[in-house]
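Geometric and topological summary
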Amino acid sequence: MLTITRKLEFDAGHRIPDHKSQCRNLHGHRYTLLITLVGAVIDQEGQSDNGMVMDFSDIKTLAKTHLVDLWDHAFLVYRGDALVREFLDSLPDHKTVVLDCIPTVENLARTAFDILKNVYQDQFNTGLTLDKITLYETPNCWAEVSA
């Protein structure tokens, strides 16, 4: 088995409602998402992805469809943050993603893992699985979730 990793980036806003410092305010980040898959190398002559665990462009397409395009340039808000939800709802056509968890980088990484684990699950009958999600909130701060 081999591991491969694809990096994607997106921008999103959030706030941590009960935070003791700056993060309680509305703000945004340039998130970096690392998707690490583990699987066997495909060995099928004539196939486009022969010699690969999974084509990197397919990893990107699936991640964008199921997660990145939904979160990119959105405000990620906790369902229990009533005042901010009310404010966001007052903005016409605002892109808001309501989450069941406070949008810390730890919770966002776990949510991303839960969303993507079934997306990549054994796509080619080669034992392919999502091994790890790493989500950078800043270049110096990140969270990792492993299978």
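Parameters and conventions
Residues numbered from 1 in each chain as written. Predicted model: local features only at pLDDT ≥ 70, side-chain atom pairs only at ≥ 80, totals over all residues. Heavy atoms only, no water. Phe/Tyr/Trp six-rings, centres within 6.5 Å; stacked < 30°, edge-to-face > 60°. Helix = DSSP H or I, 4+ residues; strand = E, 2+ residues; numbered from the N terminus. Salt bridge = Lys/Arg side-chain N within 4 Å of Asp/Glu carboxyl O. Buried < 20%, exposed > 50% of the residue type's maximum accessible area, 1.4 Å probe, protein only.

A few points about the packing of aromatic side chains
A full pass over the atoms with the stated rule returns 3 aromatic pairs. With a centroid separation of 5.2 Å and an interplanar angle of 15°, the aromatic rings of F10 and Y31 are classed as stacked. Placement of the pair is F10 in strand β1 (residues 2-14) and Y31 in strand β2 (residues 27-39), with a sequence separation of 21 residues. With a centroid separation of 6.1 Å and 65° between ring planes, the pair formed by F10 and W71 is classed as edge-to-face. Pair noted here: F10 is in strand β1 and W71 is in helix α1 (residues 56-71), with a separation of 61 residues, a long-range link. Cluster of aromatic residues (ring-pair linked, three or more members): F10, Y31 and W71.

Some details on the pattern of salt bridges
In the structure shown here, the tally under the stated rule is 6 salt bridges. Between D100 and R79 there is a salt bridge; the shortest N-O distance is 2.7 Å. In this pair, D100 sits in the loop between β4 (96-99) and α3 (105-120) while R79 sits in the loop between β3 (74-78) and α2 (82-89), placing the two residues 21 residues apart along the sequence. Under the relative-accessibility criterion, R79 is labelled partly exposed at 42%. Salt-bridge contacts for D114 lead to K117; the nearest nitrogen and oxygen are separated by 3.8 Å. Remark: K117 and D114 occur in helix α3; sequence separation between them is 3 residues, near one turn of the helix. Judged by relative accessible area, D114 falls into the partly exposed class, the value being 40%. Take K117: its relative accessible area is 35%, and that puts it in the partly exposed class.

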